[in-house]
Amino acid sequence: MAAEIISGKDLAHELRLEMNQKVSELNDRGIYPKLSVILVGDNPASKSYVNGKKKACKETGILSDVIEMDSDTTETQLLQQIEILNEDPSVHGILVQLPLPKQIREQKVIDTISYEKDVDGFHPINIGRMMTGEDAFLPCTPFGIITMLKSKNIPIAGKHAVVVGRSNIVGKPVGQLLLNEHATVTYCHSRTSNLQQLTQQADILIAAVGKVNAIRAEHIKEGAVVIDVGINRLEDGSLTGDVDFEAAKEKASYITPVPRGVGPMTITMLLENTIKAAKGLA
Ligand code: GUN
């Protein structure tokens, strides 16, 4: 049976309409949620992501500003800029677009952002709180994935979730959030020797590898829920995920497409986190 396609685009649209309402309510109370984004250098992919974030903020009524810094910015200069935003009461969320030029240590930058403004959910305090299940800013892509599963009432508790990929931004935290929802979680990665044997056991399969066709029909159990986090650009300029979508959709019960799957949800959860920061809930 062909899988039901989970449209991140449609869900993102629905959620953003609700957020619009929340932002107007905050505005009525004199609170104007604001996201500050720092973009260092001129990486074209980063520029395009930052533009997407700016546009999404505008549509939702969230204020945003983008601080552009030269590619030869020093770590000290960047940390000083972050401190200014940490101290600015009109700024609720701070996002430093990654990757950063090589002279700057990413972890040092993440550690410097006030955890109360860390709408990326990358600060060690937020990661720690996520692990213990306390209130925290959750990293946007994993948060978006859980929101997609819940929107379709897909059961997570007691299910076997297999995460392929172990990045700090996606793989590790999505496994933790699935565990928090009482799934049994297996992590696979580039050194996993029996990948297919493990993915074939997945009720929920998360592909966060960054490689075209890394997950094919033979990796998927009949009826599995397949979430494709990959964003890979093909030579013709089009985008594709990590999953062989055409083959996978014949075996899966639910599947996310690329584009219009997880991608639009990532930005949506950033907006959600910015509203949360403005409410001062962290
Ligand atoms: N670069 C790629 N994804 C992300 C993200 O989620 N947050 C930030 N800050 N940079 C990124």
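Under an unreviewed UniProt entry, the name given to the protein is Bifunctional protein FolD, and the source organism is Oceanobacillus jordanicus. The record in UniProt for the protein states the following under Function (unreviewed entry): "Catalyzes the oxidation of 5,10-methylenetetrahydrofolate to 5,10-methenyltetrahydrofolate and then the hydrolysis of 5,10-methenyltetrahydrofolate to 10-formyltetrahydrofolate." The UniProt entry for the protein carries this comment under Pathway (unreviewed entry): "One-carbon metabolism; tetrahydrofolate interconversion."

Enquirer: Describe the nonpolar core, naming the residues involved and giving the relevant values.
Expert: In summary, soluble globular proteins display a tendency toward joint burial of nonpolar side chains. One finds Ile-145, Leu-149, Leu-178, Ile-206, Ile-227 and Val-229 to be the most contacted residues of the largest nonpolar core, which totals 49 residues. Aside from chain neighbours lying at most four places away, what touches Val-229 is Thr-141, Ile-145, Val-170, Ile-206, Ala-207, Ala-208 and Val-262. In terms of nonpolar packing, the next biggest core, distinct from the first, is built from 18 residues, Val-40, Met-69, Leu-100 and Ile-113 among them.

Enquirer: Which residues make up the sheet that holds strand S4 (residues 93–96), and what values go with them?
Expert: Judged by pairing direction, the sheet is parallel, and its three strands sit side by side in the order S3-S2-S4 without closing on themselves. The open sheet terminates on both sides in strands that have one partner only, identified here as strand S3 (63–69) and S4. Between one strand and the next, the sheet's axes are offset by a mean angle of 15°, whatever the strand orientation. Sitting on the sheet, helix H3 (residues 75–87) touches strand S2 (34–40), S3 and S4, and the angle it makes with S2 is about 175°.

Enquirer: A description of the UniProt feature "binding site: NADP(+)" (unreviewed entry) in the protein should follow, citing residues and the corresponding values.
Expert: Taking the numbering used here, the UniProt-annotated feature "binding site: NADP(+)" (unreviewed entry) corresponds to Gly-165, Arg-166, Ser-167 and Ile-231. Note on placement: Arg-166 falls in the loop between strand S5 (160–164) and helix H7 (171–180). On the basis of relative accessibility, which here comes to 41%, the residue Arg-166 falls in the partly exposed class. Contact partners of Arg-166, with chain neighbours within four places excluded, come to Gly-171, Lys-172, His-189, Ser-190 and Arg-191. One polar contact links Arg-166 to His-189, side chain to side chain, over a distance of 3.4 Å.

Thresholds, definitions, all that
Residues numbered from 1 in each chain as written. Predicted model: local features only at pLDDT ≥ 70, side-chain atom pairs only at ≥ 80, totals over all residues. Heavy atoms only, no water. UniProt positions renumbered as here; feature names shortened; annotations may be inferred. Core = buried A, V, L, I, M, F, W, Y, C linked by side-chain atoms within 4.5 Å. Buried < 20%, exposed > 50% of the residue type's maximum accessible area, 1.4 Å probe, protein only. Contact = heavy atoms within 4.5 Å. Pairing = 2+ DSSP bridges. Helix = DSSP H or I, 4+ residues; strand = E, 2+ residues; numbered from the N terminus. Axes fitted to C-alpha atoms, helices over the stretch in contact; angles between N-to-C directions. Polar contact = N/O pair within 3.5 Å; in protein donor to acceptor, adjacent residues only side chain to side chain.

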